[in-house]
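What follows is the residue order along each chain.
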Amino acid sequence: MRLQEILGLVRDNFYLALFAVGAIAVLFALLYLIGRKTFLKGRSPLSLGRLIVLAAFTGYMIMVAGVTFLNRGPGYHAGVDLSLFSTYREAWHLFSVRHWQFIYLNILMLVPFGALLPLLHPRFRKAAWTIGLAALLTLSIETIQLITGYGNFVADDLFNNILGAIIGYGLTMGFIRQKEKGAKRSLILFSPLLLVVVLSAGLFGYYEAKEFGNLSIVPAHRADLKQAAVSADIDMNKTGGTAPVYRAPVLTKEAADEFARDFFKHRGKEPTEIEDLSYPEEGLYRVQGEPSYQLSVRYRDGSFSMTDFSQLDDGMEPMDTDEETVREDLSQFGVEIPRDAEFRQTGPGTYEWAVNQQESGDRMTDGTLAAVYYNDGTVKELDNRLITYEKVREAGLKSEQDAYQELLKGKFLTLPETRKIGTLQVHDVRVTHSLDSKGYYQPVYAFRCTLDGEDTTLLIPAMAH
C-alpha cells in the first residue's frame, strides 16, 4: 500500500469520525442542557478538558472501526494463525515495505487508545486497566473479523495492538509522572517506545550491513513432518562446494521513472502525460488517451509488465501469427529475446519465451517473457521477466547433506504452510538460484520430491554462513 493510500484511508475515516462525533456532540449537548436543569441542578459533571478527550476518544474508536471493517468487504480473507512472531519472520525473509508497514501500522493503531484512556478516568492510570481493556478490544476485533470473514485471527495482531496500547499508555503516564515524580520514573514509562525504536534500528541496520539480502523461500512456519514417512533415493555429498552469486539489474525509483519515460516515448507519449502511481517496491505508470497504457516496473530486478487498454476496443481479439512477427513488434518496446530461448504458444495469440539459467561468461540469463499479439498487428500485453544477471563472486556452499537435514526439520516453503505432511520422498538434488530481497541471485539447493503423492521441488538456501 502506498503512503498516499494510507493517508487517504485515514482521511476518509477521519471525516467519518468527525461527522459522527459532531452528531453525538449535538445530541449530548441537548441531553446535557435538559439534564443539567432537571437532574444536576445546574452543576457541570464534566470539565471542558475531559469533554475534549472524550470527543477525541470517540472519534478515534470510530476510525478504528472504519479501518478494520469498512475498508474491506466480507470474505476478504479468513483464517487463524496462532504462531507468535510469524508475521515478523515473514517480513524478515521477504523484507518488503508492505510487510513491515503492516506490522508497524498494527502497533500504531492502538497507541491513541493507550494514550487517551488515562486522560478519561483516573482508574485507567493503572496499567492493568488500560492494558486489559486494550487486550479485550483487540481480541474482539480479531474475533469479529474471523467470524464475519473481514480478516484473519492473527496472534501477532494481538501482540502488536497491545504493544501499541502499552506505548501510548507509557507516553501519557510518562508526562504525568514527570510532573509528579521526576524524569527517572518517566524514563521507565517511555521504555516500551524506546525499546521498539532501538530494536527496529538494530534490525534494519543489521540488514543494511549484510552483503546479501534475505530469501523468500525460507518459510515463516516450519512444515509439520512429525508423522511423515521420509525417504531419499540418492546419496548426498557431505562436503560443500562453490557456486556463483549474481546481481539483478536493480533499479532506483529515478531509474524506473526514466525507463518509463523512454518506454512511452517509443509509443508517442510525452513525459507530461504520464501519471505516476508508484509503490515502494514497484513503479506504476499510466497514460490516458488513445490508446491508454499501464506500465509496471519492478525495482528489485528491472522486470516489467505492460498493458495496452485498446485491447478492450470493439473488434480487438488475440490473433495467431509466427514467432518472427512477434519478435519484430517486441523490438519496438526495446525488448530483445535471445535467439536460443525456448519458444512456445500457450493460447490464442499468446506466446512465451523461456531461458533456464543460461550462463555466458560472467552473466546468467533466466526467466520468461510472455506476450499477447492482437489482430491489429501489435502486442498489447507484455510481461518481461527475462533477466540477465551479472556475476558478483563465487560463494561457498553448505553440503547437500546439511541442506537435507534442514529439509527434514521442515525448513521449506509449501502451501498451505500449516499442512501436515504424510509422505516425502526425495529423488534428486541440484544447485539452482533464487532472487533475494536485495536483488542478488543466490545459489539454493533444489530437491526434486514427491510430496503426498505430488511431484514438487523444495528449495533450501545453499550458501554457507
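Residues numbered from 1 in each chain as written. Predicted model: local features only at pLDDT ≥ 70, side-chain atom pairs only at ≥ 80, totals over all residues. Heavy atoms only, no water.

Caption draft 1: Focus on the overall build of the protein. Of regular secondary structure, the protein possesses 11 helices and 16 strands. When each of the 465 residues of the protein is scored for burial, the buried share is 42%. Sequence-distant contacts in the protein: of pairs separated by 6 or more residues, those separated by 24 or more amount to 65%. Of the roughly 25,100 Å² that the protein leaves accessible, carbon and sulfur atoms contribute 58%. (Helix = DSSP H or I, 4+ residues; strand = E, 2+ residues; numbered from the N terminus. Buried < 20%, exposed > 50% of the residue type's maximum accessible area, 1.4 Å probe, protein only. Contact = heavy atoms within 4.5 Å. Areas by Shrake-Rupley, 256 points an atom, 1.4 Å probe, with all protein chains shown as cover.)

Caption draft 2: Looking closely at the layout of surface pockets. Considering only enclosed or pocket space, the second largest pocket measures out at about 890 Å³ in volume. Elements with a minimum of two residues in the lining of the second largest pocket: α3 (86-94), α4 (97-109) and β14 (423-435). Partitioned by chemical class, the residues of the lining of the second largest pocket number 14 nonpolar, 11 polar and 9 charged. (1 Å grid on protein atoms, 1.4 Å probe; cavity = no way out; pocket = protein on both sides within 12 Å on 5 of 7 lines; lining within 4 Å. Points joined across faces, edges and corners; volume = space filled by probe spheres on them. Nonpolar A, V, L, I, M, F, W, Y, C, P; charged D, E, K, R; others polar.)

Caption draft 3: Expanded view of the environment of Val355. Looking at the element boundaries, Val355 is found in strand β10 (residues 350-360). The class for Val355 is buried, based on a relative accessible area of 5%. Each C-alpha atom, one on Val355 and one on Asp366, is 5.1 Å from the other, the two residues being 11 residues apart in sequence. Excluding residues that lie within four positions of it along the chain, Val355 makes contacts with Pro338, Ala341, Thr365, Asp366, Gly367 and Leu386.

Caption draft 4: A look at the pairing of strand β9 (residues 342-347). Alignment of β9 against β10, held across 5 bridges, turns out to be antiparallel. When the bridges of β10 are listed, Glu342 appears paired with Ala354. The antiparallel pairing of β9 with β10 creates a hairpin that spans 2 residues between the two strands, and Gly349 there sits at a positive phi of about 70°. (Pairing = 2+ DSSP bridges.)

Caption draft 5: The pattern of salt bridges, seen in detail. Across all of its chains, the model carries 13 salt bridges by this definition. Among the salt bridges present, the one from Glu211 reaches Arg393, with a minimum N-O distance of 2.8 Å. Taken as a pair, Glu211 in the loop between α8 (183-209) and β3 (229-232) and Arg393 in strand β13 (residues 387-396) lie far apart in primary sequence, 182 residues in all. Glu324 is paired through a salt bridge with Arg339; the nearest N and O atoms lie 2.7 Å apart. With Glu324 in helix α10 (residues 323-331) and Arg339 in the loop between α10 and β9, the pair connects residues that are 15 residues apart, well separated along the chain. Linked through salt bridges whose partners overlap, the residues forming this network are Lys253, Asp257 and Asp276. (Salt bridge = Lys/Arg side-chain N within 4 Å of Asp/Glu carboxyl O.)

Caption draft 6: Region of interest: the nonpolar core. Ranked by internal contacts, the top residues of the largest apolar core, which has 28 residues, are Leu295, Leu330, Trp353, Leu369 and Leu382. Elements represented by at least two residues in this core include exactly α9 (253-265), β6 (282-287), β7 (293-298), β8 (304-308), α10, β10, β11 (363-373) and β12 (379-384). Looking at this core element by element, the count peaks at 4 residues for α9. Once you skip the residues sitting within four places of it in the chain, Leu295 turns out to touch Phe259, Ala260, Phe263, Phe264, Gly283, Leu284, Tyr285, Phe304, Ser305 and Met306. Grouped together as the second largest cluster of nonpolar side chains are 21 residues, Ala228, Leu407, Phe447 and Ala462 included. (Core = buried A, V, L, I, M, F, W, Y, C linked by side-chain atoms within 4.5 Å.)

Caption draft 7: Examining α3 more closely. Of the residues making up α3, those classed as buried are Ser86, Thr87, Ala91, Trp92 and His93. Looking one or two places after α3, you find Phe95, whose phi comes out positive at around 45°.

Caption draft 8: Spatial organisation of the packing of α3 against α4. Where α3 contacts α4, the axes come no closer than 8 Å and their chain directions differ by 145°. Residues Thr87, Tyr88, Glu90, Ala91, Trp92 and Leu94 of α3 touch α4, and the partners they reach there are His99, Trp100, Ile103 and Ile107. When grouped by side-chain class, the residues that make up the contact of α3 with α4 number 7 nonpolar, 2 polar and 1 charged. (Axes fitted to C-alpha atoms, helices over the stretch in contact; angles between N-to-C directions.)

Caption draft 9: A look at unusual backbone geometry. In the segment running from Glu290 into Pro291, the intervening peptide bond is cis, with an omega of 0°. Within the secondary structure layout, Pro291 lies in the loop between β6 and β7. A positive phi angle is found at Phe85, which is not glycine, with a value near 70°. Relative to the helices and strands, Phe85 is located in the loop between β1 (80-81) and α3. Relative accessible area serves as the criterion here: at 34%, Phe85 is assigned to the partly exposed category. For Gln357, which is not a glycine, the phi torsion comes out positive at approximately 45°. Inspection of the secondary structure assignment puts Gln357 in strand β10.

In short, geometric facts, not functional conclusions.
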